[in-house]
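# Examining the three-dimensional arrangement
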Amino acid sequence: METLPALLSAVRDCQLCAEHLPLGPRPIVIANASARLLIIGQAPGTRVHESGIPWNDPSGDRLRQWLAIDRDQFYSDTRLAIMPMGFCYPGKGRSGDLPPRKECAPQWHARLLAQMPAVDLVLLIGQYAQNYYLQDNFKNLTDRVQNYPTDSRFFPLPHPSPRNQMWLRRNPWFECDVLPRLRERIAPLLETI
């Protein structure tokens, strides 16, 4: 029977797509058996690759603001887990980072999820996580984020990247309607005892 420490060790030793990674493998993941909130994003950027700390960049600052969680709680609360679609930095493309490598999610996600039985809410950040986990009829990310059922185990969000400033300006309903619902869903999962 696989244990979480053994699985995390295997993830961190992964070489599955090493030949395709310009900076080499450095899988970034935080998993806890007591996690109640799981954040599934895209893939680490160069800053996260260098530091080894997930969401340790301006996107992470905005994400924590959206969640109304400070940096200390974000990194120390064992009720929160972080598992990207691609665990390593995928490289640079023409208009930003390349998409997450496709090998990671099928290889590791189900196994990690099996080790986190207390997860009640999964934040799906960006189209890659949403397209992998959601089978729905929404025409695009905007439609999905605006209209996804609030009682679902999944909560779709746009990527908090500074590159998405225009999307946020064009969709003011996100801050007015979605973020309060998100915070309402998260609060009971991370309440202090």
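Conventions we followed
- All residue numbers refer to positions counted from 1 along the written sequence of the respective chain.
- This being a predicted model, a pLDDT of at least 70 is required before a residue's local features are given, and a value of 80 or more before pairs of side-chain atoms are given or counted; all residues contribute to the totals for chains, interfaces and linings.
- Only heavy atoms go into the side-chain values, all of them from the structure, while hydrogens and water stay out.
- For two strands to count as paired, DSSP must find a minimum of two bridges between them.
- By the criteria applied, helices consist of DSSP H or I runs no shorter than four residues and strands consist of E runs no shorter than two, each listed in order from the N terminus.
- Here the axes come from fitting lines to C-alpha atoms, over the contacting stretch only for helices, and the angles between their N-to-C directions go from 0 to 180 degrees.
- In these notes the angle categories are as follows: under 35 degrees is roughly parallel, over 145 is roughly antiparallel, 65 to 115 is roughly perpendicular, and the rest is oblique.
- Here, residues are in contact when the closest pair of their heavy atoms is within 4.5 Å.
- Each residue is assigned to one class: nonpolar for Ala, Val, Leu, Ile, Met, Phe, Trp, Tyr, Cys and Pro, charged for Asp, Glu, Lys and Arg, and polar for all the others, Gly among them.
- Centre distance within 6.5 Å is the pairing criterion for rings of Phe, Tyr and Trp, where only the six-membered ring of Trp is used; planes under 30 degrees apart are then read as stacked, over 60 as edge-to-face, and the remainder as tilted.
- Relative accessible area decides the class of each residue, using a 1.4 Å probe on protein chains only: under 20% of the type maximum gives buried, over 50% gives exposed, and in between gives partly exposed.
- Lysine and arginine charges are scored as sitting over a ring when NZ or CZ, respectively, is within 6 Å of the ring centre and within 35 degrees of the ring normal.
- Should a side-chain nitrogen of Lys or Arg be within 4 Å of a carboxyl oxygen of Asp or Glu, the pair is scored as a salt bridge.

### Overview of the sheet that holds strand 5 (residues 121-125)
Taken in spatial order, the four strands make up an open sheet running 2-1-5-6, and their pairing is parallel. The outermost strands of the open sheet, each flanked by one partner alone, are strand 2 (80-82) and strand 6 (154-157). Across the sheet, the mean angle from the axis of one strand to that of its neighbour is 20°, orientation sign disregarded. Inspection of the sheet shows strand 1 (residues 37-40) paired to strand 5 by four bridges, in the parallel sense.

### Remarks on the packing of helix 3 (residues 58-67) against helix 9 (residues 173-190)
Where helix 3 meets helix 9, the closest approach of the two axes is 8 Å, and the angle between their N-to-C directions is 75°. The orientation of helix 3 with respect to helix 9, classified from their angle, is roughly perpendicular. Together, Q65, W66 and L67 of helix 3 and F174, L179, L182, R183 and I186 of helix 9 make up the contact between the two elements. A class-by-class count of the residues in the contact of helix 3 with helix 9 yields six nonpolar, one polar and one charged.

### What about the packing of aromatic side chains?
All told, the structure shown has eight aromatic pairs when counted by the stated rule. Note on W167 and F174: the rings are 5.6 Å apart at their centroids and 75° apart in plane angle, and the pair reads as edge-to-face. Pairing W173 with F174 gives two aromatic rings, centres 6.4 Å apart and planes at 80°, and the pair type is edge-to-face. Here the two residues W173 and F174 agree in accessibility, since each one is buried. A network of ring pairs unites the aromatic residues W66, W167, W173 and F174 as a single cluster. One residue, R64, lies across the ring of F74, its end atom 5.0 Å from the ring centre.

### Things to note about the pairing of strand 5
Summarising burial for strand 5: five of the five residues are buried, a large majority. Residues L121, L123 and I125 of strand 5 are buried on one face, and the alternating residues V122 and L124, pointing to the opposite face, are buried as well. Pairing geometry for strand 5 and strand 6, over four bridges, is parallel. Within strand 6, the position partnered with V122 by the bridge is F154.

### Quick look at unusual backbone geometry
With a phi close to 60°, W55 is a non-glycine residue in the positive phi region. As for its position among the elements, W55 is in the loop between helix 2 (46-51) and helix 3. At A68, a residue that is not glycine, the phi angle is positive and equals roughly 60°. Residue position: A68 is located in the loop between helix 3 and helix 4 (71-76).

### Structural notes on the pattern of salt bridges
In a structure, side chains of opposite charge can pair up when their charged atoms sit close to one another. In total, this model carries seven salt bridges according to the counting rule given. Where R64 meets D61, a salt bridge forms, and the shortest distance between an N and an O atom there is 2.8 Å. Residue R64 and its partner D61 are both found in helix 3; the two are separated by three residues, about one turn of the helix. Among the residues examined, R64 registers a relative accessible area of 5% and is labelled buried. With relative accessibility at 46%, the residue D61 sits in the partly exposed group.

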